[in-house]
Amino acid sequence: MRENGLKNKFFFVCALLLLAGGCATTSKFPYTTQVIHSTVYFPVMEMCQADGVTWDYDPLSQVLILKKDNKTLELLVGSDRAILGNAPIRLSRPVVLKDSVVWAPVEVRSYLIPVPCPVAAKAGKEKGIFLRPVRVVVLDPGHGGKDPGAIGKNGLREKDVVLDVAKKVQKELQRCGVVVYLTRDDDRFIPLAERPKIAGSKKADIFVSIHANATRSRWIEGFEVYYLSTAVDDNARALAAAENAPLELEDADFFESISLKAILWDMIQTENRKESIELAQHLGDVVSASMNLKMLGVKGAGFAVLKGAYIPSVLVEIGYLSNGEGERKLCDPQYRKRMAESIAAGIMRFKIYAEGSE
Ligand SMILES: [Zn+2]
């Protein structure tokens, strides 16, 4: 009887997955795009024609006023400053004039045209007091190239799983109008110190490093979120040591730069720690609830990759490759997709919270 019940449950879950798969909408950016200074831009006039956005351009001040329904967006050509309604905002990159065409970074569209955001339902609507805008997110798939990260009993490599999951998180967040960059989008080695620098160069608002764990105990399974801290328990210290191992693959310059910048980092990290903890909690809550996964904790640890990021930064461990069941789940494309949707929803929850009431 019990086995039958389990079978029924299994078929029910499969049917749900199939339905969910069949219902998933794919949204592709609807206009011509061009990469300018490593950022994706679109021609503003194309949006005006395709989506009924009215415009008015003053060639003297170079201000372009866009209107759609009851929304107004004022762009200044050559600047990343803009005005949405009455509020000054900052774009990820300046609006540019190229070949007599005004180009804007892709997120500009989301200010005027509502985008369907499939993970919004999971994200919830709890608004906090205004902390910061969350428009640009840098996702950091751990390891890569000569550094495989953890390796499961059946050969699943951390560097491959986390890259796939990060790409899926990127896709979900882009649907919600968030600008997302990856520190790597292929199998390459990037020194730990370079990763937060990428976040800096992209003017990211938050930094999320994605990893999969391994431990000597084969029985541990679950999900963890870490923020940078020096006060840690033994497990967190051991994990940080494992995740910092790629430092040995790097050159000595990094250690020198750590000591030089240590004081500055400490100051900025202290300011960011509160928000990093909040990001970690929102992310952890959403993932553990929607994945029905044991939340092993939101903890502090001394991860090298989080040092030097001057923005709220967390490191997530999406599961345990050392656990047979954990490795099997992380092999499953559907599971990875659900994990990615949950991480995206967690980031959206923090975004809604951090951007506060309108
Ligand atoms: Zn790792």
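- An unreviewed UniProt entry annotates the protein chain as N-acetylmuramoyl-L-alanine amidase of Velamenicoccus archaeovorus.
- Its UniProt record gives the protein chain a comment under Catalytic activity (unreviewed entry), which states: "Hydrolyzes the link between N-acetylmuramoyl residues and L-amino acid residues in certain cell-wall glycopeptides."

## Some words on the sheet that holds strand E8 (residues 96–98)
Okay, step 1: Pairing within the open sheet is antiparallel, and its four strands lie in the order E1-E2-E9-E8. Every other strand in the sheet has two partners, leaving strand E1 (34–36) and E8 as the edge strands with one partner each. Adjacent strand axes in the sheet meet at a mean angle of 45° when their direction is disregarded.
Okay, step 2: Docked against the sheet, helix H2 (residues 44–51) engages strand E2 (39–43) and strand E9 (101–105), running at close to 55° with respect to E2.

## Quick word on the pattern of salt bridges
Okay, step 1: Tallied over the entire structure, the rule returns 18 salt bridges.
Okay, step 2: In this structure, Lys122 and Glu341 form a salt bridge, with 3.8 Å as the shortest nitrogen-oxygen distance. Placement of Lys122 in helix H4 (residues 120–123) and of Glu341 in helix H10 (residues 333–355) is noted, with a sequence separation of 219 residues between them.
Okay, step 3: The partly exposed category is assigned to Lys122, whose relative accessible area is 33%.
Okay, step 4: For Glu341, a relative accessible area of 17% corresponds to the buried category.
Okay, step 5: Residue Asp160 pairs with Arg157 through a salt bridge whose shortest N-O separation is 2.7 Å.
Okay, step 6: Relative accessible area serves as the criterion here: at 33%, Arg157 is assigned to the partly exposed category.
Okay, step 7: Through salt bridges with shared partners, a single ionic network connects Asp80, Arg81, Arg90 and Lys203.

## Remarks on the packing of aromatic side chains
Okay, step 1: Counted under the stated rule, the structure contains one aromatic pair.
Okay, step 2: Here Tyr31 and Phe42 contribute two aromatic rings whose centre-to-centre distance is 5.4 Å and whose plane-to-plane angle is 35°, an arrangement assigned as tilted. Taken together, the residues span a long stretch of sequence, with Tyr31 in the loop between helix H1 (2–23) and E1 and Phe42 in strand E2 at a distance of 11 residues. For the pair Tyr31 and Phe42, one class covers both residues: buried.
Okay, step 3: Above the plane of the ring of Phe189 lies Lys146, whose end atom (NZ or CZ) is 4.5 Å from the centre.

## Focus: helix H9 (residues 324–331)
Okay, step 1: The set of residues buried in H9 consists of Gly326, Glu327, Lys329 and Leu330. The buried residues of H9 all sit within an arc of 165° when viewed along its axis, so they share a single face.
Okay, step 2: Along its buried surface, H9 packs onto helix H5 (158–175), strand E12 (206–213), strand E15 (313–320) and H10.

## Structural notes on the packing of H5 against H10
Axes are the key here: two packed helices are described by the angle between their axes and the distance separating the axes.
Okay, step 1: Their axes nearest at 8 Å, the elements H5 and H10 cross at an angle of 50°. Judged by the inter-axis angle, H5 sits oblique to H10. Judged by the sense of rotation from one axis to the other, the crossing of H5 with H10 is right-handed. When H5 is examined against H10, the residues Val161, Asp164, Val165, Lys168, Val169, Glu172 and Leu173 are found in contact with a partner set consisting of Pro333, Arg336, Lys337, Met339, Ala340, Glu341, Ile343, Ala344, Ile347 and Met348.

## Things to note about the nonpolar core
Okay, step 1: Ranked by size, the top nonpolar core spans 48 residues in total, and within it Val169, Leu173, Ile318, Met339, Ile343 and Ile347 carry the most contacts.
Okay, step 2: Beyond its immediate chain neighbours, meaning those up to four positions away, Val169 contacts Leu139, Ile210, Ala340, Ile343, Ala344 and Ile347.
Okay, step 3: In this structure, Tyr31, Met47, Cys48 and Leu66 belong to the second largest nonpolar core, which totals 21 residues.

## With respect to the pairing of strand E5 (residues 71–76)
Okay, step 1: Taken together, the six bridges between strand E4 (residues 63–68) and E5 define a ladder with antiparallel strand orientation. Paired with Lys67 across the bridge in E5 is Thr72.
Okay, step 2: Counting the residues that bridge the hairpin from E4 to E5 gives two residues, and of these Asp69 lies at a positive phi of roughly 50°.
Okay, step 3: Across three bridges, the pairing between E5 and strand E6 (residues 81–84) is antiparallel. The residue of E6 that forms the bridge with Glu74 is Ile83.
Okay, step 4: Taking the residues that link successive antiparallel strands as the turn, the E5-E6 hairpin has four residues, and the phi of Gly78 there is positive, at about 90°.

The rules behind each value
- Residues numbered from 1 in each chain as written.
- Predicted model: local features only at pLDDT ≥ 70, side-chain atom pairs only at ≥ 80, totals over all residues.
- Heavy atoms only, no water.
- UniProt positions renumbered as here; feature names shortened; annotations may be inferred.
- Pairing = 2+ DSSP bridges.
- Helix = DSSP H or I, 4+ residues; strand = E, 2+ residues; numbered from the N terminus.
- Axes fitted to C-alpha atoms, helices over the stretch in contact; angles between N-to-C directions.
- Contact = heavy atoms within 4.5 Å.
- Salt bridge = Lys/Arg side-chain N within 4 Å of Asp/Glu carboxyl O.
- Buried < 20%, exposed > 50% of the residue type's maximum accessible area, 1.4 Å probe, protein only.
- Phe/Tyr/Trp six-rings, centres within 6.5 Å; stacked < 30°, edge-to-face > 60°.
- Lys NZ or Arg CZ within 6 Å of the ring centre and 35° of its normal.
- Arc of directions from axis to C-beta.
- Parallel < 35°, antiparallel > 145°, perpendicular 65-115°, else oblique.
- Left-handed = near helix turned anticlockwise from the far one by under 90°.
- Core = buried A, V, L, I, M, F, W, Y, C linked by side-chain atoms within 4.5 Å.

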